[in-house]
Amino acid sequence: MNNIRAILEDAYRLASKHDLQPGLSEIQRNWVETIIEKAESQKAVLTVLITSLVRKIDTPTQDVRYHLKELPNGYSGRGLDTDYITPFMKEKFRRFAMAESGWLTHTLRQHQPYMLEYPGQIKDKTVKDAFLLILNDIEENKADPKKYLRAIFSSLITLMEESQTSFDFLKEAQQTETVTIEKIVDLLRCHFSRDYGVAGASRLPVLAVYSAYEMLMGIERYEGKTLSRLKSHTTADTKSRGIGDIEVLNENIFFEGVEIKHKKPISLEIVEDAYQKFAKTPVCRYYLLTTAEPNVEDIDSVGELVSEIHTQHGCEVIVNGILPSLKYYLRLLSNPKLFIERYSENLQLDFNQNTDIKEIHLRYWEDLLKYLLGNNPQAAKPKQ
């Protein structure tokens, strides 16, 4: 199957020339644009389409609509995706890559061929139609799958280049008037709570708290300690043998942990689950933080369990809201404005390396900053 990698590399090389729609008709271009416009929220469809196109290029006699071996004259689309397509996507277009395979999505693995009447309930009907029409085009109208693959890659390359948000204006902003902690917290509240219409917002408070920890590692409490690298948001603690979203180590032994929840109050079950993670470690402090208000569900029962854990284990479990905690952390910094720069850098880095942060998260943060720092005095505060 070395030919598969060659097909992908060749398409990528040609796509890099930025001919966005090589030899496609207007209606074919519209289908590709529909897929690309929703590429972040419909990654499974994108992955399955790319897999289908690559299979068709490699084996022209294969009707790629028959994506399961169990179907008549079918093939294993999932196997091809898992072995070649998703690893290639992670390498070249990580923002748009699945964690494992597009066929893990229920709506795309039904035991039905991808005919125009395919019953899978893909959420976006326009994306579903474009996906099925492209496959119908290459099978019924003998359209060239190479042109489609090249067009898709070219559009993805352009998206990757355009999405390199620049926060350079932050350097200049450091010379402007003092930004208060209250203003910073207010902007974080807006950034966390907005309804973006796409997944990934739960990663924002994790990045904010991690950014604060990076800047706090110089204070006395953390002297000689190490802040663990931030894990992918899709990595389970049990799989990574971790104890939380954020971990501080003392000579490779857990010293402090933080678990962060988004729009979910801290419940008795959440505290119990957290204890299961750190019960066999010597961690001395563990934070359970949430963006939800109120922060705690059944406060009396949670308080009793927290006291019980301290008695049995010795770990101090602290339950609190994200924003009050961040407000406290910022007070410990000599220049809280530097936190804005660090958080912005981590947003961009996570956007480049993982799949949770989307371009809409970056753009909204940029709008919030320009409002805060006065780069656009006429602009109203961005809406949540």
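As the structure is a prediction and not an experimental result, all values here were calculated from the model. (Residues numbered from 1 in each chain as written. Predicted model: local features only at pLDDT ≥ 70, side-chain atom pairs only at ≥ 80, totals over all residues. Heavy atoms only, no water.)

Explain the overall build of the protein here, please?
Summing up its helical and strand segments, the protein has 15 helices and five strands in all. Each of the 384 residues in the protein was classed as buried or not, and the buried ones make up 51%. If you take every contact in the protein between residues at least 6 apart in sequence, the share linking residues at least 24 apart comes to 72%. Surface summary for the protein: the accessible area is close to 18,600 Å², and the carbon and sulfur share equals 47%. (Helix = DSSP H or I, 4+ residues; strand = E, 2+ residues; numbered from the N terminus. Buried < 20%, exposed > 50% of the residue type's maximum accessible area, 1.4 Å probe, protein only. Contact = heavy atoms within 4.5 Å. Areas by Shrake-Rupley, 256 points an atom, 1.4 Å probe, with all protein chains shown as cover.)

Looking at this structure, how should I read the packing of aromatic side chains?
Aromatic ring pairs: the centre-centre distance and the angle between the two ring planes describe each pair. Overall, the coordinates contain 14 aromatic pairs when judged by the stated rule. These aromatic residues form a ring-pair network of at least three members: Tyr-12, Phe-88, Phe-93 and Phe-153. (Phe/Tyr/Trp six-rings, centres within 6.5 Å; stacked < 30°, edge-to-face > 60°.)

Explanation requested: helix H12 (residues 299–312) in the structure shown.
Owing to its 3.6 residues per turn, the α-helix brings residues three or four apart onto one side. Across its 14 residues, H12 extends 20 Å between first and last C-alpha, which sits within 8% of the 20 Å expected from 1.5 Å per residue. Those residues of H12 not exposed but buried are Val-302, Leu-305, Val-306 and Ile-309. The buried residues of H12 occupy an angular sector of 105° when projected down its axis, which confines them to one face. In H12, those exposed residues whose orientation departs by more than 90 degrees from the buried face are Asp-300, Glu-304 and Thr-311. Buried-residue contacts for H12 involve helix H11 (268–278) and strand E5 (316–321). One or two positions beyond H12, positive phi appears at Gly-314, with a value near 105°. (Expected span 1.5 Å × (residues − 1). Arc of directions from axis to C-beta.)

When you look at the pairing of strand E4 (residues 285–290) in this model, what are you seeing that I'm missing?
Two faces belong to every sheet, and in a regular strand the side chains alternate between them. Counting buried residues along E4, five of its six residues qualify, which places the element largely inside the surrounding structure. When strand E3 (residues 253–261) meets E4, the two strands line up parallel, connected through six bridges. Residue pairing in the sheet places Gly-257 in a bridge with Tyr-286 of E4. Note on the crossover from E3 through H11 to E4: the handedness is right-handed. The pairing of E4 with E5 spans six bridges and is classified as parallel. (Pairing = 2+ DSSP bridges. Right-handed = clockwise from strand over helix to strand, strands pointing away.)

How do you make sense of the sheet that holds E3 when you look at a structure like this?
Two orientations exist for strands paired in a sheet by backbone hydrogen bonds: parallel and antiparallel. Within the open sheet, the five strands sit side by side as E1-E2-E3-E4-E5. Their pairing is mixed. Only two strands of the sheet have a single neighbouring strand rather than two, namely strand E1 (226–227) and E5. Along the sheet face, helix H9 (residues 203–216) touches E1, strand E2 (246–250), E3 and E4 and points at about 145° away from the line of E3. (Axes fitted to C-alpha atoms, helices over the stretch in contact; angles between N-to-C directions.)

Help me understand the nonpolar core, please; the structure alone is not making it clear to me.
Nonpolar side chains in soluble globular proteins generally cluster together in the buried interior. In this structure, Phe-131, Ile-152, Phe-153 and Leu-156 are the most contacted members of the largest nonpolar core, which totals 51 residues. Elements supplying a minimum of two residues to this core: helix H1 (2–15), helix H2 (26–37), helix H3 (43–58), helix H4 (77–92), helix H5 (125–140) and helix H6 (145–162). Tallying contributions element by element places H3 first for this core, with nine residues. In terms of nonpolar packing, the next biggest core, distinct from the first, is built from 48 residues, Leu-227, Leu-330, Leu-333 and Ile-340 among them. (Core = buried A, V, L, I, M, F, W, Y, C linked by side-chain atoms within 4.5 Å.)

What am I meant to see in a negative patch on the surface here?
Negative charge collects at one region of the surface, where Glu-297, Asp-298, Asp-300, Glu-304 and Glu-308 lie side by side. Mapped onto the elements, Glu-304 comes out in helix H12. (Patch = residues over 30% accessible without salt bridge, like charges linked within 9 Å, V, L, I, M, F, W, Y side chains within 5 Å. Salt bridge = Lys/Arg side-chain N within 4 Å of Asp/Glu carboxyl O. Lys, Arg positive; Asp, Glu negative; His and termini not counted. Charge placed at Lys NZ, Arg CZ, Asp CG, Glu CD.)

I keep staring at the packing of H9 against helix H13 (residues 322–331) and nothing clicks. Help me out?
Two measures define how a pair of helices packs: the angle their axes make with one another and the distance between the axes. Interhelical geometry of H9 versus H13 gives an angle of 20° and a closest axis separation of 10 Å. Taken together, the axis directions place H9 and H13 in an arrangement best described as roughly parallel. Crossing angle aside, the handedness with which H9 passes H13 is left-handed. Judged by residue contacts, Pro-205, Ala-208, Val-209, Ala-212, Tyr-213 and Leu-216 of H9 engage Ile-322, Leu-326 and Tyr-329 from H13. (Parallel < 35°, antiparallel > 145°, perpendicular 65-115°, else oblique. Left-handed = near helix turned anticlockwise from the far one by under 90°.)

Explain the environment of Thr-281 here, please?
Relative to the helices and strands, Thr-281 resides in the loop between H11 and E4. The spacing of Thr-281 and Ile-243 is 38 residues in sequence and 8.9 Å in space, taken between C-alpha atoms. Sequence-distant contacts of Thr-281, defined by excluding residues within four places in its chain, comprise Ile-243, Phe-254 and His-313. A distance of 2.8 Å separates a polar atom in the side chain of Thr-281 from the backbone oxygen of Phe-278. (Polar contact = N/O pair within 3.5 Å; in protein donor to acceptor, adjacent residues only side chain to side chain.)

In this structure, what is going on with the confidence of the model for the protein? I would like to understand it.
Of all residues in the protein, 90% have pLDDT values of 70 or greater, and the mean over the chain is 89. Per-element mean pLDDT across the protein ranges from 52 in helix H10 (residues 237–240) up to 98 in E4. (pLDDT = per-residue confidence, 0-100.)

What's the story with the packing of helix H8 (residues 181–193) against helix H15 (residues 359–373) in this structure? I'm lost.
Relative orientation of the contacting elements H8 and H15 amounts to 150°, with a least axis distance of 10 Å. Judged by the angle between their axes, H8 and H15 are roughly antiparallel. Note on packing geometry: the crossing formed by H8 with H15 is right-handed. The segment H8 lies against H15, with Lys-183, Leu-187, Leu-188, Cys-190 and His-191 engaging His-361, Tyr-364, Trp-365, Leu-368, Leu-369 and Leu-372. Considered class by class, the residues forming the contact of H8 with H15 number eight nonpolar, two polar and one charged. (Nonpolar A, V, L, I, M, F, W, Y, C, P; charged D, E, K, R; others polar.)

It is not clear to me how the pattern of salt bridges should be interpreted in this structure. Could you clarify?
What the rule picks out here adds up to 24 salt bridges. For Glu-182, the salt bridge is made with Lys-327, and the minimal N-O distance between the two is 3.2 Å. Taken together, the residues span a long stretch of sequence, with Glu-182 in helix H8 and Lys-327 in helix H13 at a distance of 145 residues. For Glu-182, a relative accessible area of 48% translates into the label partly exposed.

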